[in-house]
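Tertiary structure, described
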Amino acid sequence: MGLQGTVHLQDGDTSPARRCASVRIESGFYRGLEWALDRPRTVIGRGRNADFVLHEATISRAHALLGYEADRLYVQDLGSTNGILVNGVREDRALLSEGDELRMGRLVMRVQIGSSSMGGGHAK
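Predicted, not measured: the structure shown is a model, and the values here were computed from it.

1. Let's talk about the packing of aromatic side chains
Here the structure, examined in full by the defined rule, presents two aromatic pairs. When the ring of Phe29 is compared with that of Tyr30, the centres are 5.1 Å apart and the planes differ by 85°; the resulting orientation is edge-to-face. Given the relative accessible area of 75%, Phe29 is considered exposed. Between the aromatic rings of Trp35 and Phe52, the centroid separation amounts to 4.7 Å while the plane-to-plane angle is 15°, which identifies the pairing as stacked. Residue Trp35 is located in strand 2 (residues 34–36), and its partner Phe52 is located in strand 4 (residues 52–53); the two are separated by 17 residues in the primary sequence. This pair shows no difference in class: Trp35 is buried, exactly as Phe52 is. The residue whose ring lies beneath Arg93 is Tyr74, and the NZ or CZ to ring-centre distance is 4.0 Å.

Okay, structure coming up:
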């Protein structure tokens, strides 16, 4: 599932998806860690400039971007070494839905939309 286009959202955008989407790590050292996707764009990676920092050797410094296109959540590979699998299929960019599985390196994450118990923070 490929998408084209650029996201142009303002920081003050409060679409329903933005207010209540998150990703939760389902396996490995960070299992149970949940990150609220409350910004127009969130970079996941092991580099110190990432928004969601994960110290995992199989994650690139800037591995993936999670963002909003209108009111839909999407993931985009940022040229990572190991790529991104969405529900088992390698994708460069894909729209996401509730319960979708994201694999980045050894990490498995689950998309949650509509979750009310979220807390953001760096995994350092």
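2. With respect to the confidence of the model for the protein
For the protein, the average pLDDT comes to 82, and 77% of its residues sit at 70 or higher. Across residues 1–18 the pLDDT falls below 50, and counting only partners more than four positions away or on other chains, this stretch makes 35 contacts in the model. Note that residues 115–124 has pLDDT below 50 and, in this model, 29 contacts with residues that lie over four places away or in other chains.

3. A word on the side chain of Asp100
By secondary structure assignment, the location of Asp100 is in the loop between strand 9 (93–95) and strand 10 (101–104). For the buried residue Asp100, which engages in no salt bridge, the nearest side chain bearing the opposite charge is Arg72, 6.6 Å off. The residues contacting Asp100, other than those within four sequence positions of it, are Val86, Asn87, Leu95, Met109, Arg110 and Val111.

4. Remarks on the pattern of salt bridges
Across all of its chains, the model carries seven salt bridges by this definition. Glu56 is the partner of Arg106 in a salt bridge, and the nearest nitrogen-oxygen pair spans 3.6 Å. Here the residue Arg106 occupies a position in the loop between strand 10 and strand 11 (107–113), and Glu56 occupies one in the loop between strand 4 and strand 5 (64–69), the gap between them amounting to 50 residues. By relative accessible area, Arg106 is classed as exposed at 57%.

Definitions and cut-offs
- Residues numbered from 1 in each chain as written.
- Predicted model: local features only at pLDDT ≥ 70, side-chain atom pairs only at ≥ 80, totals over all residues.
- Heavy atoms only, no water.
- Phe/Tyr/Trp six-rings, centres within 6.5 Å; stacked < 30°, edge-to-face > 60°.
- Buried < 20%, exposed > 50% of the residue type's maximum accessible area, 1.4 Å probe, protein only.
- Helix = DSSP H or I, 4+ residues; strand = E, 2+ residues; numbered from the N terminus.
- Lys NZ or Arg CZ within 6 Å of the ring centre and 35° of its normal.
- pLDDT = per-residue confidence, 0-100.
- Contact = heavy atoms within 4.5 Å.
- Lys, Arg positive; Asp, Glu negative; His and termini not counted.
- Salt bridge = Lys/Arg side-chain N within 4 Å of Asp/Glu carboxyl O.

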